[in-house]
Amino acid sequence: MTEEKKLVNAIIEGIQDRKGKSIVHVDMSAIEDATTRGFVICTGTSTMQVSAIADSVRDYLLENENIKPYNYDGYRNSQWIVLDYGTIYVHIFLKEFRDLYNLEALWSDAVITEIPDLD
């Protein structure tokens, strides 16, 4: 398994630990002009859950893979939090903000893999 795949799987596990929904992996590795190799996107049901999911991903990656994000933003409003892991960005949205920004459509030429919800 590649390091990037391990990173994506660990991110997904961190999201699922706090019951994040509608998880997708947007693989942009074949897109020449993309600034990153991919996104993992998910939805939380409240600002409290959005921040809890972000914390869970950060904690899970630090504890299990010894990886810290390069940067993160969005905790102030917790409507859309982004975690920068260099090759992968994690986007955690409230539903209305995910619908508004629609990153999956913006990067529709990427390979998009939907991860089934756990429940």
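Above this text sits the structure in question.
Now for a look at the structure at hand. (Residues numbered from 1 in each chain as written. Predicted model: local features only at pLDDT ≥ 70, side-chain atom pairs only at ≥ 80, totals over all residues. Heavy atoms only, no water.)

Now for helix 1 (residues 3-17). Spanning 15 residues, helix 1 covers 21 Å between terminal C-alpha atoms, matching the ideal 21 Å at 1.5 Å per step. Buried within helix 1 we find Glu4, Leu7, Val8, Ala10, Ile11, Ile12, Gly14, Ile15 and Gln16. Taken together, the buried residues of helix 1 touch strand 1 (21-27), strand 2 (38-44), helix 2 (47-65), strand 5 (88-94) and strand 6 (111-115). Just downstream of helix 1, Lys19 is the residue with a positive phi angle, here 60°. (Helix = DSSP H or I, 4+ residues; strand = E, 2+ residues; numbered from the N terminus. Expected span 1.5 Å × (residues − 1). Buried < 20%, exposed > 50% of the residue type's maximum accessible area, 1.4 Å probe, protein only. Contact = heavy atoms within 4.5 Å.)

For helix 2, with 19 residues, the first-to-last C-alpha span of 27 Å sits near the 27 Å given by 1.5 Å per residue. Restricting attention to buried positions, one finds in helix 2 the residues Gln49, Val50, Ser51, Ile53, Ala54, Ser56, Val57 and Leu61. Looking one or two residues beyond helix 2, the residue adopting positive phi is Asn66, at roughly 55°.

Here we take up the packing of aromatic side chains. Scanning the model with the defined rule gives 5 aromatic pairs in all. Relative to Trp107, the ring of Phe39 has its centre 6.3 Å away and its plane inclined at 85°; by these criteria the two rings are edge-to-face. With Phe39 in strand 2 and Trp107 in the loop between helix 4 (103-106) and strand 6, the pair connects residues that are 68 residues apart, well separated along the chain. Trp107 carries the same exposure label as Phe39, and that label is buried. A network of ring pairs unites the aromatic residues Phe39, Tyr89 and Trp107 as a single cluster. One Lys or Arg, Arg58, reaches over the ring of Tyr72 and ends 3.9 Å from the middle of that ring. (Phe/Tyr/Trp six-rings, centres within 6.5 Å; stacked < 30°, edge-to-face > 60°. Lys NZ or Arg CZ within 6 Å of the ring centre and 35° of its normal.)

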